[in-house]
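For reference, the chains in residue letters:
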Amino acid sequence: MFRFLRVNMATKACVFEDVPQEYAGLGGRALTSTIVAREVPPTCTPLGPHNKLVFAPGLLGATNSPNSNRLSVGCKSPLTDGIKESNAGGQPGGHLAKLGILAIIVEEMAAEGEWWQLEIDKDSARLVPCELGGLNNFAAVEKLVEKFGKECSYITIGRAGEFKLTAASIACTDRELRPMRHAGRGGVGAVMGSKGLKAIVVNPAAGSNHPLEDEKAFREASKRFAKALTTHPICGTGLAEYGTAVLVNILHEAGGLPTANFTVGQFDGHEGVSGEKLNALTKERGGEGSVAHGCMSGCIIRCSGLLADKKGKFQSKWPEYETLWAFGPHSGIDDLDAISRYDYMCDDIGVDTIDVGVAVGVAMAGGAIPYGDTKAVLRVMEEISEGTPLGRVIGCGTATTGRVFGVRRVPCVKGQSLPAYDPRAVKGVGVTYATTPMGADHTAGYAVATNILNSGGKLDPLSPKGQVELSRNLQIATASVDSVGLCLFTAFALLDNPDALAAVVDMLNAKFGWKLTGDDVVTLGQRVLSTEVDFNRRAGITIAADRLPDFFIDEKLPPHNTTFDIPEEELHQTFNWIEEKK
Amino acid sequence: MRLHIKLSTTLRDYVSGYEPERGLHLEVPEGMTVGELARHIGLPLEEIKIVMVNGRHSEADDAMRDGDRVAFFPAVGGG
């Protein structure tokens, strides 16, 4: 029942393959990273024929486990030049799993200027010329739904992906067929564009949940996991009521909300872009807005509310905290509706809200856009879709934008922009930014939980002590969570409730007939990270790249007036089980 | 001593008329602790997960000083 689907964009061959033994027991990020590490030459041109784009649902995809239908997307990143795994919610992950497809491997390239769509049903797949070239995600999906119906799910790129901009994302449709759940980071959409692949149609009809070795044990473990989520104050109610935007006020309070391109850690207009405001506005406007909305089947956390406009019509999903921050405090904007529109445009054009939002603030620092000017930002966003030179610069993300406008403070690691926590005031996540093989990425090891949120223990965010160990443990755990297909927000329950992790291990054992323990989860995470670091080394990215830009080390961040003071020798101990070749 | 108090999400429901932008400005006895302040304004202690005084994490027994900014949070998280 379980197979790989290999798609050759040059010959148009779509072939189902048996899963080779060496990939047994891998899913999600573990599978995409292992396939990329084995099949992609690390020194290849990311937007060339030797790169491959891999899609993989997680190990618990197509089961009754809550929150387990994430889809991992892997390749060599055109943004970082290293290995990339970016994962998304929405429906395609669960649908692919139901079809028994453990991975889609897209290789080679179509002829320049051609667009193709990949249509996948139970037991068949084909590449068909695609007439949607030039359309952004919402219009493209609307046309696909007209033809293929509401039961399918869709994976698409917008014009940013067609232009091969290095911050281009890949969109997955949610339960209401909106292309709003994105594999956002690392320019995976540019890789899809480079292949000439505009869309993937996944028809789950005749698909089924995966067989379980021990149905009763699975059911019991799944119930325990659901209980651990629903009884946890963050997973059970907090995220549904306030979304991830709830972080705005607490990061402001902690002095770690990067403002005006990382020059101060607090933003005067924080209340106006907070989760509390989003909740109040959504209730006040009513209409098509909604507090508590799940992006994929089986989600019981429901963090992705919907915001209506002043007339009650759907405006966009609730912007994530990172989106609110990048277009908000970072860019001097406190207008929630303006930010919501940028968020919609990012989803439509198909770009990473973090790398593009941070690029906007960096362009402001470089004098290319007036600071805090909402209309100027709107125009720039339109220009990404139009493909003007300025639009392409911003659409290539923060590193490119900083270079073009001669900006000294460019908040990137390995070419990827920092998210919404200043590493001088939240030092644990600074370790993650510096060391993760993905380039700066909070989700790779979310030390904010322990530094700021008192989840998974407490560790002073302003002290360098213990941060490397914290980041190490979280990066290992996250690599496992990403491989299981779980939404990362389950991690709050996993960190605080020992039975949550036990329940996940029990589900894996009951599904596959394994005898894993908690230690095996650690081993899996370490193995994934080792594979990714090794790819980067072979790509020419050395351990010297595991550092933050100078200004975080040189300049004090108000209000705490701290610097990032964890020495490089210590940072280089993060993956202390990996032996670096001299 | 005078304190500036900020409340997050559900904790706002316990203080009628709470204004998010302004917060609370209160005159309280010298040496009051964080826990005593929470009780004083009617916050259930079991719902408070995080307290910050001037941007630093604090505990229920910590005493405050004149002019301090105190922020109370229930369990919150995102990413």
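Residues numbered from 1 in each chain as written. Chains lettered and ligands numbered in written order. Predicted model: local features only at pLDDT ≥ 70, side-chain atom pairs only at ≥ 80, totals over all residues. Heavy atoms only, no water.

Enquirer: Would you mind showing me how to read the overall build of chain A here?
Expert: From N to C terminus, chain A includes 23 helices and 16 strands. Projecting the C-alpha coordinates of chain A onto the three principal axes gives extents of approximately 60 × 55 × 50 Å. Burial statistics for chain A: of 582 residues in total, 66% are counted as buried. The contacts in chain A between residues at least 6 apart in sequence include a share of 71% that link residues at least 24 apart. (Helix = DSSP H or I, 4+ residues; strand = E, 2+ residues; numbered from the N terminus. Buried < 20%, exposed > 50% of the residue type's maximum accessible area, 1.4 Å probe, protein only. Contact = heavy atoms within 4.5 Å.)

Enquirer: Would you explain the overall build of chain B in this entry?
Expert: When you go through chain B residue by residue, the secondary structure sums to one helix and five strands. When the helices and strands of chain B are placed in sequence order, the string is β-β-α-β-β-β. Relative to the 2.2 N^0.38 estimate, which gives 12 Å for 79 residues, the radius of gyration of chain B is 12 Å and therefore close to what a compact globule would have. Taken over the C-alpha atoms alone, chain B extends approximately 35 × 25 × 20 Å along its principal axes. Counting contacts in chain B only where the partners sit at least 6 residues apart, residues at least 24 apart contribute 62% of the total. By element, 46% of the accessible surface of chain B is carried by carbon and sulfur atoms, the whole surface being about 3,800 Å². Seen as two clouds, the 9 positive and the 13 negative side-chain charges of chain B have centres 6 Å apart. (Rg over C-alpha atoms; globule rule 2.2 N^0.38 Å. Areas by Shrake-Rupley, 256 points an atom, 1.4 Å probe, with all protein chains shown as cover. Lys, Arg positive; Asp, Glu negative; His and termini not counted. Charge placed at Lys NZ, Arg CZ, Asp CG, Glu CD.)

Enquirer: Can you walk me through the interface of chain A and chain B in this structure?
Expert: Interface size is commonly expressed as the accessible area that is lost once the parts come together. With 33 residues of chain A in contact, the opposing surface of chain B contributes 23 residues. A combined buried area of about 2,200 Å² lies between chain A and chain B, and 56% of that area is made up of carbon and sulfur atoms. Considering only the side of chain A, the residues that lose the most area to chain B are I250, E253 and E271 of chain A, jointly responsible for 28% of the buried surface there. Along the contact surface separating chain A from chain B lie five salt bridges. (Buried area = accessible area lost by both parts, 1.4 Å probe. Salt bridge = Lys/Arg side-chain N within 4 Å of Asp/Glu carboxyl O.)

Enquirer: Would you mind going over the sheet that holds strand β7 (residues 116–121) of chain A with me for this structure?
Expert: Consider a sheet: its strands pair through backbone hydrogen bonds, and that pairing is either parallel or antiparallel. Residue and element names in this part refer to chain A. In space, the six strands of this open sheet follow the order β8-β7-β12-β9-β10-β11, with mixed pairing throughout. Two strands lie at the open edges of the sheet, namely β8 (124–129) and β11 (181–183), each paired on one side alone. Taken over all neighbouring pairs, the strand axes of this sheet differ in orientation by 20 degrees on average, direction set aside. Packed onto the sheet, helix α5 (residues 188–195) meets β9 (153–156), β10 (170–172), β11 and β12 (197–202) and runs at close to 100 degrees relative to β12. (Pairing = 2+ DSSP bridges. Axes fitted to C-alpha atoms, helices over the stretch in contact; angles between N-to-C directions.)

Enquirer: Would you mind going over the packing of aromatic side chains with me for this structure?
Expert: Aromatic rings considered in pairs are described by the distance between their centres and by the relative angle of their planes. Residues and elements named next belong to chain A. Within the structure shown, the criterion is met by eleven aromatic pairs over all chains. Summarising the aromatic geometry, the rings of F4 and Y23 are spaced 5.5 Å apart at their centres and angled 55 degrees between planes, so their arrangement reads as tilted. Of the two residues, F4 is situated in strand β1 (residues 3–8) and Y23 in the loop between β2 (14–18) and α1 (28–39); the sequence distance between them amounts to 19 residues. With respect to class, F4 is no different from Y23; both count as buried. Clustering of aromatic rings is evident, with ring pairs tying together F262, W325, F551 and F552. The lysine or arginine in question, R3, covers the ring of F16, its NZ or CZ lying 4.3 Å from the ring centre. The ring of W116 has K12 sitting right over it, with the charged end atom 4.5 Å from the ring centre. (Phe/Tyr/Trp six-rings, centres within 6.5 Å; stacked < 30°, edge-to-face > 60°. Lys NZ or Arg CZ within 6 Å of the ring centre and 35° of its normal.)

Enquirer: Explanation requested: the side chain of R178 of chain A in the structure shown.
Expert: Residues and elements named next belong to chain A. As for its placement among the helices and strands, R178 is situated in the loop between β10 and β11. Lacking a salt bridge, the buried R178 has E176 as its closest oppositely charged neighbour, with an N-O distance of 4.0 Å. In this structure, R178 is in contact with F138, C172, T173, L306 and F314, ignoring residues within four places of it in sequence.

Enquirer: Is there a simple way to think about the pairing of strand β5 (residues 69–73) of chain B in this case?
Expert: Moving residue by residue along a regular strand, the side chains alternate between the two faces of the sheet. Residues and elements named next belong to chain B. Burial runs high along β5: four of the five residues are buried. Two elements, strand β1 (residues 2–7) and β5, share four bridges in a ladder whose sense is parallel. Residue pairing for β5: K6 is matched across the bridge by A71. As defined by bridge partners, strand β3 (residues 50–53) adjoins β5 across four bridges and the pair is classed as antiparallel. Each residue of the ladder has a partner; that of V53, found in β5, is V70.

Enquirer: Can you walk me through the sheet that holds strand β6 (residues 101–107) of chain A in this structure?
Expert: Residue and element names in this part refer to chain A. As summarised here, the arrangement of the six strands in space is β2-β1-β6-β3-β4-β5, forming an open sheet in which the pairing is mixed. Each edge of the sheet is formed by a strand with only one pairing partner; in this case those strands are β2 and β5 (83–88). With strand direction ignored, the average angle separating the axes of adjacent strands in the sheet is 20 degrees. The pairing of strand β3 (residues 53–57) with β6 spans three bridges and is classified as antiparallel. The residue of β6 that forms the bridge with L53 is V106.

Enquirer: How should I be thinking about the packing of helix α16 (residues 427–435) of chain A against helix α18 (residues 467–484) of chain A in this particular structure?
Expert: Working note: a packed helix pair is described by the angle between its axes plus the distance between those axes. All names here are of chain A. The interhelical angle for the contact between α16 and α18, taken along N-to-C directions, is 60 degrees, at an axis separation of 8 Å. Here α18 runs oblique to α16, going by the angle between their axes. Crossing handedness for the pair α16 and α18: right-handed. Touching K427, G428, V431, T432 and T435 of α16 are Q467, V468, S471 and Q475, all from α18. Its residues assigned to classes, the contact of α16 with α18 comprises two nonpolar, six polar and one charged. (Parallel < 35°, antiparallel > 145°, perpendicular 65-115°, else oblique. Left-handed = near helix turned anticlockwise from the far one by under 90°. Nonpolar A, V, L, I, M, F, W, Y, C, P; charged D, E, K, R; others polar.)

Enquirer: In this structure, what is going on with the nonpolar core? I would like to understand it.
Expert: Nonpolar side chains tend toward joint burial in soluble globular proteins. All names here are of chain A. Judged by nonpolar contacts, the single largest core of 124 residues is most densely connected at I250 and Y421. A total of eight residues in this core trace back to one element, the largest contributor, which is helix α12 (residues 353–365). Listed in part, the 44 residues of the second largest apolar core include V7, I120, M192 and L197. (Core = buried A, V, L, I, M, F, W, Y, C linked by side-chain atoms within 4.5 Å.)

Enquirer: Got a minute to help me understand the pattern of salt bridges in this structure?
Expert: Oppositely charged side chains are able to pair whenever their charged atoms sit close together. Residue and element names in this part refer to chain A. Inspection of the entire model under this criterion finds 42 salt bridges over all chains. In this structure, R6 and E107 form a salt bridge, with 2.9 Å as the shortest nitrogen-oxygen distance. Of this pair, R6 sits in strand β1 while E107 is found in strand β6, placing the two residues 101 residues apart along the sequence. Among the salt bridges present, the one from R424 reaches D422, with a minimum N-O distance of 2.8 Å. For the residue pair R424 and D422, the accessibility class agrees, reading buried in each case.

Enquirer: What's the story with the domain arrangement of chain A in this structure? I'm lost.
Expert: Residue and element names in this part refer to chain A. With domains assigned, chain A is organised as domain 1 (3–202), domain 2 (212–242 + 423–582) and domain 3 (243–421). For domain 1 and domain 2, the distance between their C-alpha centroids amounts to 25 Å. Taken together, the contact between domain 1 and domain 2 spans 36 residues of the former and 35 residues of the latter. Counting each side, the surface lost to burial between domain 1 and domain 2 is near 2,800 Å², with a carbon and sulfur contribution of 61%. The three residues of domain 1 that bury the most area against domain 2 are R29, L59 and L60, which together make up 26% of that side's buried surface. Counting every contact that joins domain 1 to domain 2 gives two salt bridges. Put simply, E532 and R29 hold a salt bridge, and the shortest N to O gap is 2.8 Å. (Domains from an automatic or database assignment.)

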